[in-house]
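# Per-entry structural report
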Amino acid sequence: MLFGKHKENEKLTEIEQLVKQSAEKAESVLNRLQSVPEQVSSLQSQVEILQAKLEEQINHQNETEKLLRRQSASFEDFLDEFQEQKEGQENAKNRENAWIALVCTCRRQLELIEKQILKDTSLTKEKRGAWESQFALMDRECQKQMKLCGLEEFGAVGEEADYRLYDILSTAESKTTDDFGTVAEIYARGHIYQGTVVEKAQACAYKERNLST
C-alpha cells in the first residue's frame, strides 16, 4: 500500500511540473504578444520618419528642377540677346565698311576729275589757277572731315615705296642714287581707317638705275 501511494506522489509531482512548465510557456508567449504592439508602434514611427524624409527629398528635387528651368530660361534669353547684339554689331560693321568704301570711291573719283580738268591744255593760266585753288580748298576740307571720323589719306612723291602701303603699278628709272625705292608718281592716294590700311595707294616707283645706258 505504501508502494502504491509513493507511485501516486510521483505522478502528482510530474503533473505539477508539467503544469508549471505550461504556465511558464504561456506566460512567455503572453509577454511576447504584449510586446508586439510596441514593435508595431516603433515600426510605424520609423515608417513615418522615412516618409517625411522622402517628402522632403521630393520637395527639394522639385525646387531644384524649378531653379534649373529658370536658369535654363535665363541662359536662353542671354543667348538670344547675345545673338541680337552680335547681329547688330555685324550690321554696324557692314554699314561702316560700306561708308568707308563710299568715301574712298568718292575721293578717287574726285582725284580723277581734278587730273582730267588740270590736264586740259585749253585752260588759261587764270582758270587753271582758279581750279587749283578750288581743288586745294576741297581737299583740305575733305581731309579735315575724314580725320574726325578716323579716316586718313596717304601717298606722296619721295616717300618709301612700302608694299604694305603702295600698289606699285609701274616703275621709272632712278634719276639719282637716292631715288631708288621711292615713289616717283602718285596715281591714287591710299586710305587708313583707325590705324588699318583699308585701301593702298597706287603709285609709280623708281627702280635701280641702269648704269650700262
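## Observations regarding the environment of Ala-188
Tracing the backbone shows Ala-188 in strand 3 (residues 183-188). Overall, the relative accessible area of 6% leaves Ala-188 in the buried class. A C-alpha to C-alpha distance of 9.5 Å links Ala-188 and Gln-109, two positions 79 residues apart in sequence. Leave out the neighbours within four places in its chain, and Ala-188 touches Arg-108, Glu-111, Lys-115, Ala-201 and Gln-202.

## With respect to a nonpolar patch on the surface
A surface patch of nonpolar side chains, about 420 Å² in accessible area, is lined by Phe-75, Phe-78, Leu-79 and Phe-82. Here Leu-79 lies in helix 1 (residues 2-118).

## Things to note about the nonpolar core
Core analysis: the largest hydrophobic core is formed by 8 residues, namely Phe-154, Ala-161, Tyr-166, Val-183, Ile-186, Ala-201, Ala-203 and Ala-205. Elements represented by at least two residues in this core include exactly strand 3 and strand 6 (201-207). Take this core: its biggest share by element is 3 residues, from strand 6. Grouped together as the second largest cluster of nonpolar side chains are 6 residues, Ile-100, Met-146, Leu-151 and Tyr-193 included.

## Description of a negative patch on the surface
Side chains of Glu-76, Asp-77, Asp-80, Glu-81, Glu-84, Glu-87 and Glu-90 sit close together on the surface and give a patch of like negative charge. Assignment of secondary structure puts Asp-80 in helix 1.

## Description of the sheet that holds strand 1 (residues 151-154)
Strands sit in the order 1-4-5 across an open sheet of 3 strands; the sheet is antiparallel. Looking at strand neighbours, the two that pair on one side only are strand 1 and strand 5 (196-199), the edges of this open sheet. If you compare each strand with its neighbour and ignore which way they point, the axes differ by 35° on average. As judged from the 3 bridges shared by strand 4 (residues 190-193) and strand 5, these two strands associate in the antiparallel manner. Looking at the pairing, Ile-192 lines up with Val-197 of strand 5. Sheet contacts for helix 2 (residues 125-148): strand 1 and strand 4; angle to strand 1, the most-contacted strand, approximately 135°.

## Section: unusual backbone geometry
The backbone of Gln-194 shows a phi angle near 50°, a positive value even though the residue is not glycine. For Gln-194, a relative accessible area of 58% gives the class exposed.

## Comments concerning the packing of aromatic side chains
The tally for this structure, following the rule as stated, stands at 3 aromatic pairs. For the ring pair Trp-99 and Tyr-193, a centre distance of 6.3 Å and an interplane angle of 65° mean the geometry is edge-to-face. Note that Trp-99 is positioned in helix 1 and Tyr-193 in strand 4, a separation of 94 residues in sequence. Assessed through its relative accessible area of 32%, Trp-99 is described here as partly exposed. Classification of Tyr-193 by relative accessible area gives buried; the value is 9%. Seen from their ring centres, Phe-154 and Tyr-166 are 6.1 Å apart, and the 90° between their planes marks the pair as edge-to-face. Within this pair, whereas Phe-154 is found in strand 1, its partner Tyr-166 is found in strand 2 (residues 166-173), the two being separated by 12 residues in sequence. Tyr-166 matches Phe-154 in its accessibility class, with the two residues each being buried.

## Quick word on the pattern of salt bridges
Using the criterion set out here, one finds 10 salt bridges in the structure. As a salt-bridge pair, Arg-189 and Glu-111 come within 3.0 Å of each other at their nearest N and O atoms. Of the two residues, Arg-189 sits in the loop between strand 3 and strand 4 while Glu-111 sits in helix 1, which places them 78 residues apart along the sequence. The pair formed by Arg-189 and Glu-111 is uniform in burial state, with each residue classed as buried. Several salt bridges converge on common partners, so that one network encompasses Arg-107, Glu-111, Asp-139, Glu-153 and Arg-189.

## A word on the confidence of the model for the protein
On average, residues of the protein score 81 in pLDDT, and 84% of them are at 70 or above. The secondary structure element of the protein with the lowest average pLDDT is helix 1, at 76, and the one with the highest is strand 2, at 94.

Thresholds applied
- Residues numbered from 1 in each chain as written.
- Predicted model: local features only at pLDDT ≥ 70, side-chain atom pairs only at ≥ 80, totals over all residues.
- Heavy atoms only, no water.
- Helix = DSSP H or I, 4+ residues; strand = E, 2+ residues; numbered from the N terminus.
- Buried < 20%, exposed > 50% of the residue type's maximum accessible area, 1.4 Å probe, protein only.
- Contact = heavy atoms within 4.5 Å.
- Patch = residues over 30% accessible without salt bridge, like charges linked within 9 Å, V, L, I, M, F, W, Y side chains within 5 Å.
- Areas by Shrake-Rupley, 256 points an atom, 1.4 Å probe, with all protein chains shown as cover.
- Salt bridge = Lys/Arg side-chain N within 4 Å of Asp/Glu carboxyl O.
- Core = buried A, V, L, I, M, F, W, Y, C linked by side-chain atoms within 4.5 Å.
- Lys, Arg positive; Asp, Glu negative; His and termini not counted.
- Charge placed at Lys NZ, Arg CZ, Asp CG, Glu CD.
- Pairing = 2+ DSSP bridges.
- Axes fitted to C-alpha atoms, helices over the stretch in contact; angles between N-to-C directions.
- Phe/Tyr/Trp six-rings, centres within 6.5 Å; stacked < 30°, edge-to-face > 60°.
- pLDDT = per-residue confidence, 0-100.

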